[in-house]
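Architecture at a glance
Here is what each chain is made of, one letter per residue.
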There are 2 protein chains.
Amino acid sequence: MKKYLEILKKCPLFFEIEEESLLRMLTCLGATIDLYDKKYTVMPEGKPVKHIGIVLSGSVQINQVDYDGNRTIIANVYPGELFAEAFACAEAKSFPLSVIANEPSYIMLIDVSHILHTCNNNCGFHQQLIFNLMKDIALKTITFYQKIEVTSKRSTREKLLTYLNMQAKKAGYRTFDIPFNRQELADFLEVDRSGLSAEISKLRKEGIIESNKNHFTLI
Amino acid sequence: MKKYLEILKKCPLFFEIEEESLLRMLTCLGATIDLYDKKYTVMPEGKPVKHIGIVLSGSVQINQVDYDGNRTIIANVYPGELFAEAFACAEAKSFPLSVIANEPSYIMLIDVSHILHTCNNNCGFHQQLIFNLMKDIALKTITFYQKIEVTSKRSTREKLLTYLNMQAKKAGYRTFDIPFNRQELADFLEVDRSGLSAEISKLRKEGIIESNKNHFTLI
DNA sequence: TAAAGTATGTTGAATTTTCAACAAAATGAG
DNA sequence: CTCATTTTGTTGAAAATTCAACATACTTTA
């Protein structure tokens, strides 16, 4: 675990937890670390959610797939970030998403009941972890509203421009990379891939954007 | 405040708080109660969010309105339920939604900093409130995934059927009322109102649903 | 109760999106 | 380096959505 100490220190779950107590605490929480290869399922859809996931290296993708195979990408999750925390904390009976590794990734899993329910050792960190979870879930809720802001637009063009403007704002520059290929961007924006490609070409011809693969510039 | 004790006891924010301490606690938290008339704005878009709202009577609607006036309805909130809690807890600099009273409604507002930061009186309830907030925000996150599940469908028909099936499941019956009129349902599903009306008629002719105003039956 | 205002359903035209198919470009494996 | 696979862009036809306009039904209030 020591190997990932730097990442864990940045993890919002461990905000205001002393570095010295972190490793001890992880043992107490029964945290495990596993390697998942590219395209492997970290958490399968349908099962009850018992664990909070933390990406230590690589990245994972949170997908919602319906009965006839339509995929919606909810988010990519990067080192130091959590996933499945809302469902775990709500003790959801069924996880409606699937979590897939984008690349070989080390993932830490922590049984959420070890966080929420005070242990016999009477550790003092539970309150801080619960506070941190509350903050983290609240912040993540805000990113969902942003997804709704994008996908509630009625046309491919507007969805794309709303998304690109958000990314530019986030990056702080008019030039930035997006974390999706075309199909993934289409699945995030909830539009048809070929129509999205056509719209990108159109915006380029109109001189509104410049783009090359997943690199974009707003003119 | 006594008048609303029964509602407050059901509010998830006060789970596991003794009835006897509730009123004292509300005073300590500086809770206020105000009446908002129909169509009045309870929380305006754009301002920093300092308060958590609790509906005591009536109901409010959470809307997202973009620069060119397109409205997306996020949810209706009913007595005993919270609103704006995620933005307040995340200490968001700007509230991207607007909260409007659907009818004359009594609303309690609590400054979230009074909950998150221990007061001088050293009240013992902060930890419980933070835990309750965490649970509440986690549960609400799940309802957002349900909204995404509905709106990510590509056609009006599929959005509508997904929504109706969810409502039926929630009601526990194939016959149920929905909390929206046509325009509101269209704004929730993120589709055109007239197209939605046409689709409802079509489903009725095909014998898939029966409906009258906001009363629906899945056949 | 009547009148005004609001909500709903219907229609057809214009616009968009989706779908399918394919070629070109890029990537990855051996 | 070459071949196989995946990704991307392009196109046209089919299907669906949006938009505008209007008639009817329903609500509200004066």
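This is a predicted model, so every value here is computed, not measured. Numbering of residues starts from 1 in every chain and runs along the sequence as written. Note on labels: chains are lettered from A, ligands numbered from 1, in written order. Only residues with pLDDT of at least 70 are given local features in this predicted model, and only at 80 or more are side-chain atom pairs given and counted; all residues enter the totals for whole chains, interfaces and linings. Water and hydrogen atoms play no part in the side-chain values, which are based on all heavy atoms of the structure.

What to know about the overall build of chain A
What counts here: The secondary structure listing takes helices from DSSP runs of H or I that are at least 4 residues long and strands from runs of E that are at least 2 residues long, numbered from the N terminus. The contact rule is simple, with two residues in contact once any of their heavy atoms fall within 4.5 Å. Areas reported here follow the Shrake-Rupley algorithm with a probe of radius 1.4 Å; residue values treat only the protein chains shown as occluding. In this charge count, Lys and Arg are treated as positive and Asp and Glu as negative; neither His nor the chain ends contribute. Charged groups are reduced to one reference atom each: NZ for lysine, CZ for arginine, CG for aspartic acid, CD for glutamic acid.
A count of helices and strands for chain A gives eight helices and eleven strands. C-alpha extents for chain A along the principal axes are approximately 65 × 40 × 30 Å. Long-range pairs, those at least 24 residues apart, make up 70% of the contacts in chain A between residues at least 6 apart in sequence. In the structure as shown, chain A presents an accessible area of about 10600 Å², 51% of it carried by carbon and sulfur atoms. Of note, chain A has its 27 positive side-chain charges centred 4 Å away from the centre of its 26 negative side-chain charges.

Quick look at the protein's contact with DNA strand C
What counts is decided by this rule: Each residue is tested against the molecule or strand, and it is near if at least one of its non-hydrogen atoms lies within 4 Å. Any pair of N or O atoms that falls within 3.5 Å is considered a polar contact. Within protein, one atom must be able to donate a hydrogen and the other to accept it, and sequence-neighbouring residues count only if both atoms are side-chain atoms. Each residue gets one label: Ala, Val, Leu, Ile, Met, Phe, Trp, Tyr, Cys and Pro are nonpolar, Asp, Glu, Lys and Arg are charged, and the others, such as Gly, are polar.
For DNA strand C, the set of nearby residues contains 15 residues, the closest of which are Thr 156 and Asp 192 of chain A together with Arg 182, Ser 197 and Ser 201 of chain B. Taken together, the sugar and phosphate atoms account for 63% of what DNA strand C places within 4 Å of the protein. Between Arg 193 of chain B and DNA strand C, the recorded distance is 3.0 Å, taken from a side-chain N or O atom to a base nitrogen. When contributions to the surface near DNA strand C are tallied by element, the ones reaching two or more residues are α8 (193-205) of chain A together with α7 (182-189) and α8 (193-205) of chain B. Its residues assigned to classes, the surface near DNA strand C comprises one nonpolar, nine polar and five charged.

Brief notes about the protein's contact with DNA strand D
With respect to spatial proximity, 15 residues lie near DNA strand D, and among them Arg 182, Ser 197 and Ser 201 of chain A together with Thr 156 and Asp 192 of chain B are the closest. Take Arg 182 of chain A: an N or O atom from its side chain is 2.7 Å from a phosphate oxygen of DNA strand D. Between a phosphate oxygen of DNA strand D and a side-chain N or O atom of Ser 197 of chain A, the distance comes to 2.9 Å. Looking at the surface near DNA strand D, the elements with two or more residues in it are α7 (182-189) and α8 of chain A together with α8 of chain B. A per-element tally of the surface near DNA strand D places α8 of chain A first, with four residues. Split by residue class, the surface near DNA strand D holds one nonpolar, nine polar and five charged.

Some remarks on the relation of the copies chain A and chain B
Quick reminder of the rule: Least squares is the method for superposing the copies, and the C-alpha atoms it fits come from residues with pLDDT of at least 70 in both.
After a rotation of 180° and a shift along the axis of 0.0 Å, chain A superposes on chain B with an RMSD of 0.0 Å. The transformation relating the two chain copies, once decomposed into turn and shift, fits a two-fold axis. Every residue of chain A has its C-alpha some distance from the rotation axis, and the shortest such distance is that of Met 134 of chain A, at 2.2 Å. Comparing interface residues between copies, 100% of those in chain A also sit at the interface in chain B, which points to an isologous, same-surface contact.

So, the domain arrangement of chain A
A common way to state how big an interface is: give the accessible area lost once the parts meet. All names here are of chain A. Condition: Domain start and stop points were drawn from an automatic or database domain assignment. Two parts placed together each lose some accessible area under a 1.4 Å probe, and adding up what both lose gives the buried area. Salt bridges are defined by distance alone: a side-chain nitrogen of Lys or Arg within 4 Å of a carboxyl oxygen of Asp or Glu.
Looking at chain A, the domain boundaries give domain 1 (2-143) and domain 2 (153-218). A C-alpha centroid distance of 29 Å is found between domain 1 and domain 2. At the interface, seven residues of domain 1 touch seven residues of domain 2. Between domain 1 and domain 2, roughly 590 Å² of surface is buried when both sides are summed, and carbon and sulfur atoms account for 46% of that area. Linking domain 1 with domain 2 are one salt bridge.

Structural notes on the packing of aromatic side chains
Residue and element names in this part refer to chain B. This is how it is decided: Any pair of Phe, Tyr and Trp rings, taking the six-membered ring for Trp, is counted once the centres come within 6.5 Å. Such a pair is stacked with planes under 30 degrees apart, edge-to-face with planes over 60 apart, and tilted for the rest. Buried residues are those whose accessible area, probed at 1.4 Å on protein chains only, stays under 20% of the maximum for their type, while exposed residues exceed 50% and partly exposed ones sit between those limits.
As enumerated under the stated definition, the model contains 15 aromatic pairs over all chains in all. Their ring planes at 90° and their centres at 5.3 Å tell us that Phe 87 and Phe 95 sit as a pair that is edge-to-face. With respect to class, Phe 87 is no different from Phe 95; both count as buried. Aromatic pair Tyr 163 and Phe 180: ring centres 6.4 Å apart, planes at 35°, arrangement tilted.

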